[in-house]
Every structure is written in structure tokens, then in C-alpha cells.
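Overview (structure and organization)
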Amino acid sequence: MKRAEDLSVTGRAVLVRTDLNVPLDGETITDDGRIRASLPTIRDLVGRGAQVIVCAHLGRPKGDDYAARAAGGPSLRPVADRLAELLGQPVTLATDVAGESARVIAETMADGEVALLENVRFEPAETSKDDAVRGELAARLAALADLYVGDGFGAMHRKHASVYDTPQLLPHAAGQLVLAEVAVLRQLTTDPARPYVVVLGGAKVSDKLAVIGNLAGQADRLLIAGGMAYTFLAAQGHQVGASLLETEQIPHVTAVLADAAKAGVEVVLPVDHVVADRFAADAQPELVPGPDIPDGKLGLDIGPATRELFARKLADAKTVFWNGPPGVFEFPAFAAGTRAVAEAISAVTGLTVVGGGDSAAAVRHLNMPADAYTHISTGGGASLEYLEGRTLPGLAALEAGP
Ligand code: ADP
Ligand code: MG
């Protein structure tokens with residue numbers, strides 16, 4: 001992959017696809033880690049006198065067309081403000097993605113200036129399955145710039161117009177964040193020191209169940225918590241109450257468990273839970289001392305016995321990859337499991353990688369020391385797919401010439 005630092009950018013317009021998909025509470029950014037992670041590449045381009053046009057997505061805009069999505073938001077406005085603060089220079093936010101506003105800004109900006117295009121997912125074409133539809137948006141994006149830099153690691157596993165199609169239309173290179181992420185993930189896939197323990201949690205259950213089979217083949221131990229644990233427990237015949245459950249994935253999970261057993265991979269599931277009647281910060285937490293969850297109750301965190309069990313299973317690890325909080329850490333009453341796992345992994349000497357937007361937010365939220373882990377990845381799905389050995393469309397596009 002060509003490096004952005006090797007492109008000659010002075011006086012040229014560079015479209016930089018970054019990952020600025022930060023968690024928001026209304027218009028307040030609750031964790032700006034992804035914005036910070038995008039700074040090195042933007043600063044380098046600014047410092048070398050490029051006209052820097054940043055493109056990113058935020059959340060999941062809803063609606064059939066551009067107008068409906070733009071009206072419903074979320075706008076990148078709070079992100080533009082935060083980016084400007086962190087860069088220490090103004091960031092002009094276009095009022096559209098690749099329309100008149102973007103065009104005028106791109107044409108009139110000076111060297112060393114930074115502009116941000118509006119939420120690229122306002123354009124339904126961004127995520128279209130139709131190559132021609134994405135291609136039309138990619139052409140409009142490419143027309144804004146002379147060069148393309150791919151630095152949005154968290155979106156690299158998406159075959160989206162701004163990630164996959166646009167780099168094919170411009171001379172392109174990889175930004176510093178993408179290069180750093182790939183370097184660490186490559187270490188995990190090439191002869192990791194053992195025991196290699198993978199901890200999986202979070203809420204994107206079906207996405208993660210799809211990759212779990214391959215991860216199980218690489219790790220020595222798989223600790224499963226969070227939303228996906230209930231599908232595993234259900235597959236073993238346990239009651240999961242009203243917890244997150246992907247019934248149609250049970251056969252797949254059963255097969256994963258059988259393969260793991262055959263390969264000698266230890267799969268560790270929760271043995272107790274913290275549950276509640278409803279999914280809310282002020283819900284009353286209740287301890288369920290065994291693996292079965294009563295009817296009507298939702299599992300929202302791992303219980304104390306599981307915390308202790310997971311800590312023990314991590315104590316001798318030489319390599320750890322952790323994706324997905326083991327509980328709803330955003331609610332203080334259900335954060336103990338995430339804290340316990342975060343602390344147990346920070347005590348490991350060896351390569352420790354935390355991947356995933358919410359997982360990274362969780363360790364910052366818990367105020368873990370800056371050096372607690374070898375690497376905090378900005379990409380959840382992207383890092384999982386990389387570890388699984390899949391070709392990430394965004395990386396493939398950057399690797400291809402010219
Ligand atoms: P990441 O972004 O790190 O890949 P996900 O997006 O998959 O992680 O999931 C993060 C979310 O998972 C968090 O917001 C957390 O509240 C939620 N979560 C964790 N455990 C549970 C659970 N038992 N039930 C529902 N949601 C959960
Ligand atoms: Mg997430």
C-alpha cells in the first residue's frame with residue numbers, strides 16, 4: 001500500500017476518507033477518540049500545504065432519499081466543531097456531501113485549509129449494492145479532489161462508495177491510522193504468542209457470530225459475553241429470558257461450539273448474570289447466580305462469578321484481542337463486567353488489542369490508563385473481518401494501482 005506521507009500534496013486537493021463515527025448523546029460527542037485518531041494524517045496534509053477535504057459518515061441516517069436523510073440527521077456539525085478545536089484551525093462544513101456546497105468550497109479553499117463534507121450516508125448511494133449507483137456518487141466525490149487518502153479504518157470492511165469506489169477514480173494512498181491498524185492486526189494473525197485469548201461481547205450479534213468460527217480457529221481460548229452470549233447459552237439449552245437472542249443463529253453457534261471442541265479451543269461462557277426488567281439506566285439490577293435467566297428478565301452484564309472466571313482465563317494470556325463490551329457499560333449499574341475485563345486485560349503482559357468503537361469508548365469511559373493496552377483499534381467490524389482473513393474492500397481498493 002502506498003503511504004499518504006509519500007504523496008506530493010502541496011497545492012493539491014486531497015479527499016480524505018476518515019472514520020469520525022463518534023458516539024453522540026443528542027449533539028454532544030461522548031467520546032472523541034475517532035476524531036483524535038484521524039488527526040495525524042490531516043495534520044500532515046495541512047502541514048504540507050494540501051487543501052484537505054474530509055469525508056466521513058455518522059450514525060445511520062434514515063429515509064429513502066437525500067432530502068429525508070439530511071432532514072433527519074445526524075449532521076456532522078458537532079464533529080466539525082470538535083475537529084476544528086483539536087486541529088486549532090477552522091473547519092468549513094459543507095451543507096451537502098458532493099453537491100453545490102461541496103463543489104464551491106472545494107474550488108475556493110486555500111492550501112492548508114480543511115473542509116468537511118456533510119454525513120456521506122445522507123446519500124443513499126453510499127451504501128447501495130448497485131455498482132452503478134455507487135459509481136455515480138464516487139464520481140461526484142472524486143471530482144472534488146486531485147488525490148484520495150483512505151484513513152477510515154473503521155469503515156474499511158464496507159463496500160461503500162466513499163470507501164471502495166472513490167479511490168479507484170483518483171491516485172490514492174493509505175493514511176497513518178490505517179497503516180498503524182493494519183500493522184498491529186497483522187501481528188495478531190502471524191504467529192501470536194500463546195495462550196492467545198479472544199474476548200467477544202457487544203451488541204452487533206449477527207455480525208459477530210458470522211466471524212466467530214474463524215476466530216475460534218486461531219485463538220486458544222474464546223471468552224464470550226455481552227449480547228451474543230445468550231445465543232450461545234440458548235444453544236446449550238439454557239434459558240435466556242428476554243435477553244438479546246438470535247434464534248436463527250443457534251445452529252451456526254452449535255457448529256462453532258462443536259468445531260472449537262474438536263480443535264481444542266476452550267470456549268468460556270457466562271456462569272452468572274446481572275439482569276433487569278427493562279433496558280434502562282435506572283432499571284433495578286438483580287443478580288442471577290446461575291447461567292439460566294428467568295422469563296421476562298434481560299441479561300445486561302456478567303455477574304461476579306463470571307468476572308472472576310474471565311480474569312482467571314486471562315491471567316496467563318500472552319496475546320489478547322478484545323472486541324465488544326461484556327455488558328451495558330453505559331449504565332453504571334451494569335458496567336462492572338466491562339470494568340473487570342478491561343482491568344484483567346490491562347494486567348496482561350504481551351500484545352493486547354482492544355477493537356471496536358464502543359469497546360474503545362468503554363476503556364476511555366472507565367478511565368483506564370493510556371498505556372493499559374498495546375493498541376486500541378478504532379474499528380470493530382473491520383478488525384474482526386481482518387482477523388478472520390477476509391479481504392477488506394477499502395484496503396483492497398487502496399492496494400490496487402495506480
Ligand atoms: P463494538 O463497537 O466495540 O464493536 P458493539 O457495537 O457490538 O461493540 O456493541 C456495543 C454495545 O453493546 C454497547 O453499547 C453495550 O451497551 C452493548 N451491550 C453489551 N452487553 C449487552 C447486553 N447484555 N445486552 C444488550 N446490549 C449489550
Ligand atoms: Mg459499536
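Here is what the cut-offs are and how they apply
Here, residues in each chain are numbered from 1, in the same order as that chain's written sequence. Whichever chain is written first is A, and whichever ligand is written first is 1; the rest continue in order. Local features in this predicted model are restricted to residues of pLDDT 70 or higher, and side-chain atom pairs are both shown and tallied only at a pLDDT of 80 or more, whereas totals for entire chains, interfaces and linings draw on every residue. Excluding hydrogens and water, the side-chain values take into account all heavy atoms of the structure. We call a residue near a molecule or strand as soon as one heavy atom of that residue lies within 4 Å of the molecule or strand. The term polar contact refers here to a pair of N or O atoms within 3.5 Å; inside protein, the definition further demands a hydrogen-donor-capable atom paired with an acceptor-capable atom, and it admits residues adjacent in sequence only when both atoms are side-chain atoms. Accessibility throughout is a Shrake-Rupley quantity obtained with a 1.4 Å probe, and a residue counts as covered only by protein chains that appear here. Numbering of helices and strands runs from the N terminus, with a helix taken as a DSSP run of H or I at least four residues long and a strand as a DSSP run of E at least two residues long. Classification convention: Asp, Glu, Lys, Arg as charged; Ala, Val, Leu, Ile, Met, Phe, Trp, Tyr, Cys, Pro as nonpolar; all other residues, Gly among them, as polar. Only protein chains enter the accessibility calculation, which uses a 1.4 Å probe. A residue is then buried if its area is under 20% of the maximum for its type, exposed if over 50%, and partly exposed in between. At least two DSSP bridges between two strands are required for those strands to pair. Put simply, two rings from Phe, Tyr or Trp (the six-membered ring, in Trp's case) pair if the centres are within 6.5 Å, and we call them stacked under 30 degrees between planes, edge-to-face over 60, tilted for the rest. By convention in these notes, a salt bridge is any Lys or Arg side-chain nitrogen within 4 Å of a carboxyl oxygen on Asp or Glu. All axes here are fitted lines through C-alpha atoms, helices being fitted over the stretch that makes contact, and every angle between N-to-C directions spans 0 to 180 degrees. Two residues qualify as a contact provided that any one of their heavy atoms is within 4.5 Å of a heavy atom in the partner residue. Residue types Ala, Val, Leu, Ile, Met, Phe, Trp, Tyr and Cys, when buried and joined through side-chain atoms within 4.5 Å, form a set referred to as a nonpolar core.

1. Looking at the site of ligand 1
The environment of ligand 1 is made up of 22 residues, and the closest members are A203, K208, E330, D358 and S359. A distance of 2.4 Å is found between an oxygen atom of ligand 1 and a side-chain nitrogen or oxygen belonging to E330. Within the contact set of ligand 1, an oxygen atom lies 2.9 Å away from a backbone nitrogen or oxygen of D358. With the chains in place, 91% of the 580 Å² that ligand 1 exposes on its own is no longer accessible. Contributions of two or more residues to the shell around ligand 1 are made by strand 14 (298–302) and helix 14 (357–365). Broken down by class, the residue content of the shell around ligand 1 amounts to eight nonpolar, ten polar and four charged.

2. Overview of the pairing of strand 9 (residues 196–200)
With respect to burial, strand 9 is a largely interior element, five of its five residues being buried. Judged by which residues are buried, strand 9 turns out to be covered on both faces: Y196, V198 and L200 on one side and V197 and V199 on the other are all buried. As paired elements, strand 9 and strand 15 (residues 319–323) share five bridges and run parallel to each other. Each bridged residue has a counterpart across the sheet, and for L200 the counterpart in strand 15 is N323. With four bridges connecting them, strand 9 and strand 10 (residues 221–224) associate as parallel partners. By the bridge assignment for strand 10, V197 is matched with R221.

3. What about the packing of aromatic side chains?
Summed over the entire model, instances satisfying the criterion amount to three aromatic pairs. Summarising the aromatic geometry, the rings of F279 and F331 are spaced 5.2 Å apart at their centres and angled 65° between planes, so their arrangement reads as edge-to-face. Here F331 lies in the loop between strand 15 and helix 13 (336–346) and F279 lies in the loop between strand 12 (273–276) and strand 13 (286–288), a separation of 52 residues in the sequence. Note on F331: relative accessible area 13%, which makes it buried. With centroids separated by 6.5 Å and ring planes inclined at 70°, the aromatic side chains of F331 and F334 adopt a geometry described as edge-to-face. For the residue pair F331 and F334, the accessibility class agrees, reading buried in each case. Taken together through their ring pairs, the aromatic side chains of F279, F331 and F334 make up a single cluster.

4. What about the pattern of salt bridges?
Taken as a whole and judged by the stated rule, the model has 27 salt bridges. For E100, the salt bridge goes to R103, with nearest N and O atoms at 2.7 Å. Within this pair, E100 and its partner R103 are both found in helix 5 (residues 100–108), separated by three residues, close to a single helical turn. Taking the shortest distance from any N to any O, the salt bridge between E107 and R103 comes out at 3.1 Å. One end of the pair, E107, and the other, R103, are both in helix 5, four residues apart, so they sit about a helical turn from each other. Overall, E107 belongs to the exposed group, its relative accessible area being 60%. Here the residues in one salt-bridge network are D32, R36, R82 and E85, joined through shared partners.

5. Comments concerning the environment of V348
Position of V348 among the secondary structure elements: in the loop between helix 13 and strand 16 (351–355). With 150 residues separating them along the chain, V348 and V198 place their C-alpha atoms 13 Å apart.

6. A closer look at the sheet that holds strand 6 (residues 114–116)
Spatial strand order, 5-6-4-1-7-8: six strands in an open sheet with parallel pairing. Taken across any chain shown, the strands that pair with only one partner, and hence form the sheet edges, are strand 5 (91–93) and strand 8 (172–174). If you compare each strand with its neighbour and ignore which way they point, the axes differ by 25° on average. When strand 5 meets strand 6, the two strands line up parallel, connected through three bridges.

7. What about the side chain of H57?
By secondary structure assignment, the location of H57 is in the loop between strand 4 (51–55) and helix 3 (66–72). Only 3.5 Å separates the side chain of H57 from the side chain of N21, close enough to count as a polar contact. At 3.3 Å, the side chain of H57 and the side chain of R121 are in polar contact. Dropping the residues within four chain positions of it, H57 is found in contact with R17, D19, L20, N21, N119, V120, R121 and A155.

8. Quick look at the nonpolar core
Core analysis: the biggest nonpolar cluster contains 68 residues, and L117, L141 and F232 have the highest contact counts within it. Each residue touching L117, except ones within four places of it in the same chain, is listed here: L15, I53, V54, C55, L76, L93, A94, D96, V97, A102, L141 and L144. Counting 32 residues, the second-largest nonpolar core is a separate cluster that includes L7, V16, L20 and A56.

9. Overview of the environment of A261
Tracing the backbone through its elements, the reader meets A261 in helix 11 (residues 250–263). Residues A261 and A216 lie 45 residues apart in sequence; the distance between their C-alpha atoms is 9.9 Å.

10. Details of unusual backbone geometry
Note the cis peptide between G73 and P74, where omega equals 5°. Along the chain, P74 turns up in the loop between helix 3 and helix 4 (77–87). The residue after R194, namely P195, is reached through a cis peptide bond having omega 5°. Structurally, P195 can be placed in the loop between helix 8 (176–189) and strand 9.

These values are about where atoms sit, not about what they do.
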